[in-house]
Amino acid sequence: MKLMSFTKTALVTASLVALSSAAFAQDVTLKLGVVTPTDHPHSISAREFARLVEEKTNGEVAVTVSDNGALGSNPELLDAVQTGIIDFTVSTPGVLAEYSPQMGLLELPYVFTSIDHMMTVTRGEIGQQMAADYEDATGVAVLGYFGGAQRNMITTNATINGIEDLKGLKMRTWEWSVMLDWWSSLGALGSVVAFPETYTALQTGVVDGAENEFSTFTTARWAEVAKNVSLTQHSITVRPFIANAAAIAELTEEQQAAVREAAIEAADFDVALEGELDIKNMEALKADFGVVFTEPEKGPLIEASAAVIESFAADEGIEDLAAAIASAAN
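Residues numbered from 1 in each chain as written. Predicted model: local features only at pLDDT ≥ 70, side-chain atom pairs only at ≥ 80, totals over all residues. Heavy atoms only, no water.

A. Fine view of the overall build of the protein. Assigned secondary structure in the protein consists of 13 helices and nine strands. On the principal axes, the C-alpha backbone points of the protein span a range of 95 × 45 × 30 Å. Per-residue burial over the protein gives 52% buried out of 330 residues. A fraction of 75% describes how many contacts in the protein between residues 6 or more apart in sequence connect residues 24 or more apart. (Helix = DSSP H or I, 4+ residues; strand = E, 2+ residues; numbered from the N terminus. Buried < 20%, exposed > 50% of the residue type's maximum accessible area, 1.4 Å probe, protein only. Contact = heavy atoms within 4.5 Å.)

Put into structure tokens, the structure is as follows:
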């Protein structure tokens, strides 16, 4: 009788554990925050990631997406991911560089010669090693690389036909000293303004201009208050999709694999989307916003930018990495 009771109790206990585990597996909700507007590619791709995670885990893992800076600025979102307040964000290499400098190379103007160059770096051994090094140093996992759009300059009153036209202009940038150095190398004055505040800064004259993608000029509506775009094509964007490594490690092995697979697919989705929207939004800037485009002489811009890349790499002791990225263009 005692043996029967013990067996019965063991079976009931095992059943309860199994039910508890199943209930837990159905109740994993992770948080993703981005600074971009709802119809920006990064926000769209974040929602695609959430869809893919739910699909690949058969609904066991849900991802809630908060966009438009609702959870904070890019630096605040990075801090929130590292501390585990949220689980994912789409960040910028310059912001990530505040914790570990290697990633900052991917942000620097004219570091990539083409979209193919960027894809070779981020989808190859260089990008994989940079992600591994960053996780080791910070506890933040780089799950993939969004991006692919070209960045250009937009101004309210000034017309930029060459580097000489940048002299003395106040140009919006974000919280990274290297970008301040870059603007200085071009003769401009870098002014740190949070992304959600840039429209008002342009409108009120706090800054004379900014740089970003065509998608930002349209979805954030900067082109409503700034009608001049200079096709400097100074950057092909890389936007690392990052996660709190400890939060990912708490998932089952199958869930972890699904999340990582979803991140890679969402990153490729984003690159394709940004390429399509580059063309679409350039047309929209002409047709809907009445923007005037100029094509500046890029030689002096590239030369000034090369000096900033070289200086940054030397200061951080990452000359070999910079050289490897440059060599990947061949």
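B. Structural context of the pairing of strand 5 (residues 170-173). As judged from the four bridges shared by strand 5 and strand 6 (residues 189-192), these two strands associate in the parallel manner. Directly across from Arg 172, in strand 6, lies its bridge partner Ser 191. Once the chain exits strand 5 it traverses helix 7 (residues 177-185) before rejoining the sheet at strand 6, and the crossover so formed is right-handed. (Pairing = 2+ DSSP bridges. Right-handed = clockwise from strand over helix to strand, strands pointing away.)

C. Layout of the layout of surface pockets. The space that makes up the largest pocket amounts to roughly 280 Å³. Around the largest pocket, the lining comprises 14 residues; the ones closest to its centre are Thr 122, Gln 128, Leu 143, Gly 144 and Ile 264. Listing elements by their share of the lining of the largest pocket, those giving two or more residues are helix 5 (115-123), helix 6 (125-138), strand 4 (140-155) and helix 11 (253-287). Partitioned by chemical class, the residues of the lining of the largest pocket number six nonpolar, five polar and three charged. (1 Å grid on protein atoms, 1.4 Å probe; cavity = no way out; pocket = protein on both sides within 12 Å on 5 of 7 lines; lining within 4 Å. Points joined across faces, edges and corners; volume = space filled by probe spheres on them. Nonpolar A, V, L, I, M, F, W, Y, C, P; charged D, E, K, R; others polar.)

D. Local environment of the environment of Leu 105. In this fold, Leu 105 is placed in the loop between helix 4 (93-96) and helix 5. Taking the C-alpha atoms as reference points, Leu 105 and Val 95, separated by ten residues in sequence, lie 11 Å from one another. Contacts of Leu 105, omitting those with residues within four sequence positions, involve Val 111, Phe 312, Ile 318, Leu 321, Ala 322 and Ile 325.

E. The arrangement of the side chain of Thr 218 in detail. On the secondary structure map, Thr 218 appears in helix 9 (residues 214-219). A distance of 3.2 Å separates the side chain of Thr 218 from the side chain of Asn 281, its partner in a polar contact. Excluding its chain neighbours within four sequence positions, the residues that come into contact with Thr 218 are Asn 281, Ala 284, Leu 285 and Phe 289. (Polar contact = N/O pair within 3.5 Å; in protein donor to acceptor, adjacent residues only side chain to side chain.)

F. Inspection of the confidence of the model for the protein at higher detail. Confidence along the protein averages 92 in pLDDT terms, with 92% of residues attaining 70 or more. Note on residues 1-26: pLDDT under 50 across the span, and five contacts to partners over four residues away in sequence or across chains. (pLDDT = per-residue confidence, 0-100.)

G. Here's a closer look at unusual backbone geometry. A positive phi angle, close to 60°, is found at Asn 68, a residue other than glycine. Along the chain, the position of Asn 68 falls in the loop between strand 2 (61-66) and helix 3 (74-83). Of note, the phi angle at Gln 233 is positive, near 45°, even though the residue is not glycine. Looking at where Gln 233 falls in the secondary structure, it is placed in strand 8 (residues 228-244).

H. Region of the structure containing empty space enclosed by the protein. Counted by the stated rule, this structure contains two cavities of 30 Å³ or more. Approximately 270 Å³ is the volume attributed to the largest cavity. Lining of the largest cavity is provided by 23 residues; of these, Val 35, Asn 74, Thr 92, Phe 195 and Arg 239 occupy positions nearest its centre. Class assignment of the residues belonging to the lining of the largest cavity gives a composition of nine nonpolar, nine polar and five charged. If you add up the space inside the second largest cavity, you get close to 40 Å³. Among the residues making up the lining of the second largest cavity, the classes are represented as three nonpolar, two polar and three charged.

I. A look at the packing of aromatic side chains. If you walk through the whole model with that rule in mind, you get ten aromatic pairs. Each ring, one from Phe 146 and one from Phe 241, has its centre 5.2 Å from the other, and the planes form 10°; the classification is stacked. Linking Phe 146 in strand 4 with Phe 241 in strand 8, this pair joins segments that are 95 residues apart in sequence. Of the two residues, Phe 146 and Phe 241, neither departs from the other in class, the shared state being buried. Through successive ring pairs, a cluster of aromatic residues spans Phe 195, Phe 214, Phe 217, Trp 222 and Phe 293. (Phe/Tyr/Trp six-rings, centres within 6.5 Å; stacked < 30°, edge-to-face > 60°.)

J. View of the pattern of salt bridges. One pass over the structure, following the stated rule, counts eleven salt bridges. Taking the shortest distance from any N to any O, the salt bridge between Arg 123 and Asp 268 comes out at 2.8 Å. Highlighted residues: Arg 123 in helix 5 and Asp 268 in helix 11, separated in sequence by 145 residues. Here Glu 224 and Arg 221 are joined by a salt bridge, their closest N and O atoms 2.5 Å apart. Judged by relative accessible area, which is 33%, Glu 224 ranks as partly exposed. Members of the salt-bridge network, linked through shared partners, are Glu 48, Arg 51 and Glu 55. (Salt bridge = Lys/Arg side-chain N within 4 Å of Asp/Glu carboxyl O.)

K. Looking closely at the side chain of Ser 305. You can see Ser 305 is positioned in helix 12 (residues 299-316). With a relative accessible area of 1%, Ser 305 lands in the buried category. Once you skip the residues sitting within four places of it in the chain, Ser 305 turns out to touch Pro 109, Tyr 110 and Trp 182.

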